[in-house]
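Results of the structural survey
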Amino acid sequence: MKKGGARFARSIDFGFGGTAWRALPQLAAAWLDPCWLVVADAHLGKAATFRARGVPVPEGTTQANLARLTALIEVVQPRRLVFLGDLLHAREAHGQTMRQFALWRARHAKLPMTLVVGNHDRHAGAPPPALDIEVVDEPWPVHGIALCHHPQTIAGLHAVAGHLHPCVR
């Protein structure tokens, strides 16, 4: 992970269960060892879904979200990107949004990615296999941590979850 600079000026380091984390001002977290970038509730295609349902909202939100993810990847330089659920907003997001996401994924083809299934993912459907995103159910136990979409208690594990947009407890 790149050190210093304005991008980490408002970050907060914390730890639990013998793990070290950095909460980033871009609404993401870095699990410092194993150097994973963890984001939740990207909701790609949310605006496209609203437009498909007749709600007039601006275009370009998916590109902006993907640009923010790229900036985070450049700063953190993770060994893995983990989405804690709700990668896609709804099935209507599979058209243009999926094409944009596929182009973005191709630019980050060497970065392993995992999606912990969230409530919107069950309705939107899994990302196409060509995107090479591992899909796992929650809780996903890794190195003594349970990675989840919904906050929950798992015996013997500390849980890191999304869904509360964002919250640290």
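In what follows, the structure referred to is the one given above.
Report follows, based on the coordinates. Predicted model, so just to flag it, every value in this text is computed and none were measured.

Description of the packing of aromatic side chains
The final tally for this structure, using the stated rule, is 7 aromatic pairs. Arranged with centres 6.0 Å apart and planes meeting at 10°, the rings of Phe16 and Trp21 form a pair that is stacked. Exposure remark for Phe16: the relative accessible area of 21% places this residue in the partly exposed category. Here Trp21 falls in the buried class, since its relative accessible area comes to 1%. What links up through ring pairs into an aromatic cluster is the set Phe14, Phe16, Trp21, Trp31, Trp36 and Trp140. Over the face of the ring belonging to Trp36 we find Arg80, whose NZ or CZ atom lies 5.5 Å from the ring centre.

Observations concerning the side chain of Thr114
With respect to the element layout, Thr114 can be found in strand β6 (residues 113–116). There is a polar contact of 2.9 Å between the side chain of Thr114 and the side chain of Glu134. Among residues more than four places away in sequence, those in contact with Thr114 are Arg80, Leu81, Val82, Phe83, Ile133, Glu134, Val136 and Trp140.

Brief notes about the pattern of salt bridges
Under the definition given, this model contains 2 salt bridges. The residue Arg22 makes a salt bridge to Asp13 at a minimum N-O spacing of 2.7 Å. You can call Asp13 partly exposed: its relative accessible area is 48%. Here Glu134 and Arg80 are joined by a salt bridge, their closest N and O atoms 3.6 Å apart. Of this pair, Glu134 sits in strand β7 (residues 133–136) while Arg80 is found in strand β5 (residues 80–83), placing the two residues 54 residues apart along the sequence.

Section: the sheet that holds strand β1 (residues 12–16)
Spatial strand order, β1-β2-β3-β4-β5-β6-β7: 7 strands in an open sheet with mixed pairing. The strands lining the two open edges of the sheet, one partner per strand, are β1 and β7. For this sheet the average axis-to-axis angle between neighbouring strands, irrespective of direction, equals 25°. Running at roughly 150° to strand β4 (residues 36–39), helix α2 (residues 61–76) makes contact with β2 (19–24), β3 (28–31), β4 and β5 of the sheet.

What counts as what
- Residues numbered from 1 in each chain as written.
- Predicted model: local features only at pLDDT ≥ 70, side-chain atom pairs only at ≥ 80, totals over all residues.
- Heavy atoms only, no water.
- Phe/Tyr/Trp six-rings, centres within 6.5 Å; stacked < 30°, edge-to-face > 60°.
- Buried < 20%, exposed > 50% of the residue type's maximum accessible area, 1.4 Å probe, protein only.
- Lys NZ or Arg CZ within 6 Å of the ring centre and 35° of its normal.
- Helix = DSSP H or I, 4+ residues; strand = E, 2+ residues; numbered from the N terminus.
- Polar contact = N/O pair within 3.5 Å; in protein donor to acceptor, adjacent residues only side chain to side chain.
- Contact = heavy atoms within 4.5 Å.
- Salt bridge = Lys/Arg side-chain N within 4 Å of Asp/Glu carboxyl O.
- Pairing = 2+ DSSP bridges.
- Axes fitted to C-alpha atoms, helices over the stretch in contact; angles between N-to-C directions.

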